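Commentary on secondary and tertiary structure
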Amino acid sequence: MKIKCLICGDIIESKSVHDLVACKCESCYIDGGNDYLHFGGENFDKILIIFDDETEVLASDQENYKKKYEEWKNKHESMQK
């Protein structure tokens, strides 16, 4: 999973647990690798979450983000069994 900063255009990805990566303008960050998703920033309207299947959801769109995140989480949990 990746996120795109809609301010500077950076697409960033965390490769492993505790691999905190920030965009070049430091308006957003992502952490967790494939184990969990932790992201944040100044304005969730300016953060685009890019899921593994290339689906893009604005971080401020909580309903769609949570639904898509649950799908991602379930898929990764089933792959680890």
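Here's what I pulled together on the structure shown here. (Residues numbered from 1 in each chain as written. Predicted model: local features only at pLDDT ≥ 70, side-chain atom pairs only at ≥ 80, totals over all residues. Heavy atoms only, no water.)

1. Things to note about the sheet that holds strand E7 (residues 56-58)
Strand order in the open sheet made by the 4 strands is E2-E1-E6-E7, with antiparallel pairing throughout. The sheet is open, and its two edges are formed by strand E2 (11-13) and E7, each paired on a single side. Adjacent strand axes in the sheet meet at a mean angle of 30° when their direction is disregarded. Examined bridge by bridge, strand E6 (residues 47-50) and E7 share 3 bridges and lie antiparallel to one another. Paired with Ile-49 across the two strands is Val-57, which belongs to E7. (Pairing = 2+ DSSP bridges. Helix = DSSP H or I, 4+ residues; strand = E, 2+ residues; numbered from the N terminus. Axes fitted to C-alpha atoms, helices over the stretch in contact; angles between N-to-C directions.)

2. Some words on the sheet that holds strand E3 (residues 21-22)
Ordered in space as E3-E4-E5, the 3 strands form an open sheet in which the pairing is antiparallel. The open sheet has two edge strands with one neighbour each: E3 and strand E5 (38-41). When strand E4 (residues 28-31) meets E5, the two strands line up antiparallel, connected through 4 bridges. By the bridge assignment, Tyr-29 is partnered in E5 with Gly-40.

3. Some thoughts on the pattern of salt bridges
Applying the stated criterion to the full structure yields 4 salt bridges. Linking Lys-15 and Glu-13 is a salt bridge whose minimum nitrogen-to-oxygen distance equals 3.4 Å. For Lys-15, a relative accessible area of 62% puts it in the exposed group. On the basis of relative accessibility, which here comes to 29%, the residue Glu-13 falls in the partly exposed class. In this structure, Glu-71 and Lys-68 form a salt bridge, with 3.2 Å as the shortest nitrogen-oxygen distance. Note that Glu-71 and Lys-68 are positioned in helix H1 (residues 62-80) at a spacing of 3 residues, about one turn of the helix. (Salt bridge = Lys/Arg side-chain N within 4 Å of Asp/Glu carboxyl O. Buried < 20%, exposed > 50% of the residue type's maximum accessible area, 1.4 Å probe, protein only.)

4. Section: unusual backbone geometry
Unlike most non-glycine residues, His-18 shows phi in positive territory, near 65°. Assignment of secondary structure puts His-18 in the loop between E2 and E3. With phi around 60°, Glu-26 is a residue other than glycine that occupies positive phi space. Inspection of the secondary structure assignment puts Glu-26 in the loop between E3 and E4. Note on Glu-26: relative accessible area 64%, which makes it exposed.

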